[in-house]
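Observations on the model geometry
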Amino acid sequence: MTGCTSTKSDSDGDKGASGIKLVSSGKIKTCTHLPYPPFQSKKDGKIVGFDVDLVDLVAKELGVEQEIVNTPFEGIETGQDFNIRKCDLAAAGMTITDERDKVMDFSDPYFNATQALITKKGQPYKTFEDLKGKKLGYQKATTGGIYAKKESKGLDMELVEYEDVGLLLTAVKAGKVDAGINDNGVLFEYIKDNPDTEVTAEFDTGEKYGIGFRTGNDSLRKKVNAVLKDARSDGSYDKIYKKWFGTTPQS
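One numbering rule holds for all chains: residues counted from 1, following each sequence as written. For this predicted model, a pLDDT threshold of at least 70 governs which residues receive local features, and a threshold of 80 or more governs which side-chain atom pairs are given and counted, while totals over whole chains, interfaces and linings are taken from all residues. To obtain the side-chain values, all non-hydrogen atoms of the structure were used and water was disregarded.

Stated precisely, the cut-off is as follows: UniProt positions are given in the numbering used here, feature names are shortened, and annotations may be inferred rather than shown by experiment.
Looking up the protein in an unreviewed UniProt entry gives the name ABC transporter substrate-binding protein, with the organism given as Streptomyces durmitorensis. Its UniProt record, at the heading Subcellular location (unreviewed entry), says of the protein: "Cell envelope". Heading Sequence similarities (unreviewed entry) of the UniProt record for the protein holds this comment: "Belongs to the bacterial solute-binding protein 3 family."

1. Side note on the environment of glycine 122
Convention followed: Put simply, DSSP H or I for four residues or longer makes a helix, DSSP E for two residues or longer makes a strand, and each gets a number counted from the N terminus.
The residue glycine 122 is located in the loop between strand S9 (111-120) and strand S10 (135-139) in this model. Separated by 86 residues in the primary sequence, glycine 122 and tyrosine 36 place their C-alpha atoms 25 Å from one another.

2. Things to note about the sheet that holds strand S8 (residues 105-106)
In plain terms, the rule: At least two DSSP bridges between two strands are needed for those strands to be called paired. By definition, residues are in contact when any of their heavy atoms lie within 4.5 Å. Lines are fitted to the C-alpha atoms to define the axes, a helix being fitted only along its stretch in contact, and any angle between axes, read from their N-to-C directions, falls within 0 to 180 degrees.
In space, the 5 strands of this open sheet follow the order S6-S3-S7-S14-S8, with mixed pairing throughout. The outermost strands of the open sheet, each flanked by one partner alone, are strand S6 (65-70) and S8. Where S8 and strand S14 (residues 212-213) come together, 2 bridges link them in antiparallel fashion. Considered in S14, the bridge of aspartate 105 is made with phenylalanine 213. Sitting on the sheet, helix H1 (residues 50-62) is in contact with strand S3 (27-32), S6 and strand S7 (89-90), with an inclination near 140° to S6.

3. Focus on unusual backbone geometry
Along the chain, leucine 34 connects to proline 35 via a cis peptide bond; the corresponding omega equals -5°. Geometrically, the link from proline 37 to proline 38 is a cis peptide bond, its omega value of 5° lying close to zero. You will see that aspartate 44, though not glycine, has its phi angle at about 55°, which is positive. Positionally, aspartate 44 belongs in the loop between strand S4 (41-43) and strand S5 (46-48).

Right, here's the structure in full:
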């Protein structure tokens, strides 16, 4: 694997009782970018979500606590946060892509996702063609942004970039943009509490989320894969999925 990876070896960091080396003693540090409900968001002063619960399974297996580091998504997806040892892994509703795979390693896929379109209730925007001459918002450094740029070519559409999904959704709700594009899971979660908005379309992009690691951190990656496999076998994954999505995952 090539890319902007650190030259430090897997022997750096703290080696706990599990034999897996962590950035800090007694904890596994998770990089994420808030808010991104239901995968990770702050509630009553605590960061909770689907990704949080999955990494808690890993922390339990390692006998450590999870510490969540809120950081700009760009630092995660470029691999820079791993290079400076900001975290041990990244769980941020992150799609596995070829470009990201050049600068980090990924766990086995743990969630199927696709892109979706959100608008204010009653708006007639269901395709990119419907948005000719309109404004479409997207989140910086995301696959939604990449997809929007590709599909909007030649459509005389204004694309508006936002630093995080919270700002994007606020812009849609306030009418600053005519529609927004992001992963379907987070958009369906948003409309539950914002009935004046709706998801008008989903685009079959075939995306899969993975947990990210510093390139070459095979010991932790393999442990996470083992925990994910066990969680699917013993029902823990389905239980966590239903907690956050209200249904069991589609096979």
